[in-house]
Amino acid sequence: MHTINYHKVVSLSHEITEQIPLWPGDPKVVFKTVAQMDKDGYYLREFSIGEHSATHMNAPNSFIAGKSGIDSYKTSSLVVPAVMIDVRAKTKNDADYVISIADVKAWESQHGKIPEGSMVLFYTGWEELWHNPKKFINEDAKGHLHFPGVAGKTTKFLLDDRHIAGIAIDTHGVDPSADEEYQTNTQLMAAHKISIECIAHLNQLPATGTTLVIGLPKLHNGSGSPVAITAFVQ
């Protein structure tokens, strides 16, 4: 029997509105009222959103042709222990900071080796820009985006040497914005691990002692999906 011990519950998902930051070219979030209380006796809306918008999880088929969709993840794989690595000191003055193996090992020198099967959450401080979409996406005059992410070598180390369950980050990409090969996402997806972007409220988590429950809609063959993530903090 598995149990979750906790003293605090935290939502790690951003509220979805029509004003959230969007990856350039992605569809807008739209809410449309289709039934009103005074006319129809009940209230109902329809909504549309891209599969990679808001706090979301990627699927293997979004980065590797022929791979499985978001509906291929077993429910049991979505309840996972997590560690939180705070790299804000590195990203504060470097929007293009690439998270290194040295950053992981510096964290481990204080908190111990990352337990096998853990989600690794990277706190860059980018979530504080969420309500300023222009700064969150950080696109320059040439159309290049600028935000921190995880180096491909770091991801390989975490997969091969620490056997992690996946990676989450508070930016719009687990890959650094300059990595056009998407090395982190591609490695995670090839191994059918978890990749979550635009995670929220990492400032409310400790470095260790958290269990995540990831609420994932089973979109048939989806390339990804917005997710509702609940953190149970010991």
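Note that the structure is predicted; figures quoted are calculated from it, not measured.

Colleague: Even after reading the chapter, I still don't get the pattern of salt bridges, so can you show me in this structure?
Modeller: Close approach of charged atoms lets side chains of opposite charge pair. Tallied over the full model, the rule gives four salt bridges. Across the salt bridge formed by E108 and R162, the nearest N and O atoms sit 2.7 Å from each other. Within this pair, whereas E108 is found in helix 3 (residues 101–111), its partner R162 is found in the loop between helix 5 (152–161) and strand 9 (166–169), the two being separated by 54 residues in sequence. Like E108, the residue R162 is buried in the burial classification.

Colleague: Would you mind showing me how to read the pairing of strand 13 (residues 228–233) here?
Modeller: Two faces belong to every sheet, and in a regular strand the side chains alternate between them. With four bridges connecting them, strand 1 (residues 8–11) and strand 13 associate as antiparallel partners. Bridge assignment links V10 to a residue of strand 13, and that residue is A231. Pairing of strand 11 (residues 210–215) with strand 13, which is carried by six bridges, proceeds in the antiparallel orientation. Across the sheet, G215 pairs through a bridge with A228, a residue of strand 13.

Colleague: Would you take a moment to explain the sheet that holds strand 7 (residues 119–123) for this structure?
Modeller: By definition, the strands of a sheet pair up through backbone hydrogen bonds, in either a parallel or an antiparallel sense. Spatially, the nine strands line up as an open sheet ordered 1-13-11-5-7-9-10-4-12, and their pairing is mixed. Pairing within the sheet leaves two strands with one partner each, and these edge strands are strand 1 and strand 12 (224–226). Across the sheet, the mean angle separating the axes of adjacent strands is 25° when strand polarity is ignored. Of the pairings in the sheet, the one linking strand 5 (residues 79–86) to strand 11 comprises four bridges and is antiparallel in character. Along strand 11, the bridge assignment pairs V80 with L212.

Colleague: It is not clear to me how the environment of G224 should be interpreted in this structure. Could you clarify?
Modeller: Within the secondary structure, G224 sits in strand 12. The class for G224 is buried, based on a relative accessible area of 0%. Put simply, G224 and K74 are 150 residues apart on the chain and 14 Å apart in space, counted from C-alpha to C-alpha. Leaving out residues up to four positions away in the same chain, G224 has contacts with E51, H52, M57, N58, A59, I70 and L219.

Colleague: What is the right way to read the nonpolar core from this model?
Modeller: In globular proteins that are soluble, nonpolar side chains generally tend to be buried together. The biggest cluster of nonpolar side chains holds 49 residues, and the ones touching the most others in it are M57, M119, L121 and F122. L22, V29, W126 and F136 belong to the second-largest nonpolar core, a separate cluster that totals 11 residues.

Colleague: It is not clear to me how the packing of helix 5 against helix 6 (residues 183–190) should be interpreted in this structure. Could you clarify?
Modeller: The relative placement of two packed helices comes down to the angle between their axes together with the axis-to-axis distance. Two numbers describe how helix 5 lies on helix 6: the axes approach to 8 Å, and their chain directions differ by 25°. Overall, the two elements helix 5 and helix 6 adopt an arrangement that is roughly parallel. For the element pair helix 5 and helix 6, the recorded crossing hand is right-handed. Of the residues in helix 6, those in contact with G152, T155, K156 and L159 of helix 5 are Q183, T184, Q187 and L188. Tallied by class, residues from the contact of helix 5 with helix 6 come to two nonpolar, five polar and one charged.

Colleague: Any chance you could explain helix 5 here in plain terms?
Modeller: For an α-helix, 3.6 residues make a turn, and residues three or four places apart therefore share a direction. For helix 5, every residue scored as buried is listed here: G152, T154, T155, F157, L158 and L159. Looking at the buried positions of helix 5, the neighbouring elements they touch are strand 6 (98–99), helix 3, strand 7, strand 8 (149–150), strand 9 and helix 6.

Colleague: Explain the packing of aromatic side chains here, please?
Modeller: The geometry of an aromatic ring pair is captured by two quantities: the separation of the ring centres and the angle between the planes. Counted under the stated rule, the structure contains five aromatic pairs. For the pair W130 and F136, a centre-to-centre distance of 5.1 Å together with 90° between the ring planes defines the contact as edge-to-face.

Calculation rules
- Residues numbered from 1 in each chain as written.
- Predicted model: local features only at pLDDT ≥ 70, side-chain atom pairs only at ≥ 80, totals over all residues.
- Heavy atoms only, no water.
- Salt bridge = Lys/Arg side-chain N within 4 Å of Asp/Glu carboxyl O.
- Helix = DSSP H or I, 4+ residues; strand = E, 2+ residues; numbered from the N terminus.
- Buried < 20%, exposed > 50% of the residue type's maximum accessible area, 1.4 Å probe, protein only.
- Pairing = 2+ DSSP bridges.
- Axes fitted to C-alpha atoms, helices over the stretch in contact; angles between N-to-C directions.
- Contact = heavy atoms within 4.5 Å.
- Core = buried A, V, L, I, M, F, W, Y, C linked by side-chain atoms within 4.5 Å.
- Parallel < 35°, antiparallel > 145°, perpendicular 65-115°, else oblique.
- Left-handed = near helix turned anticlockwise from the far one by under 90°.
- Nonpolar A, V, L, I, M, F, W, Y, C, P; charged D, E, K, R; others polar.
- Phe/Tyr/Trp six-rings, centres within 6.5 Å; stacked < 30°, edge-to-face > 60°.

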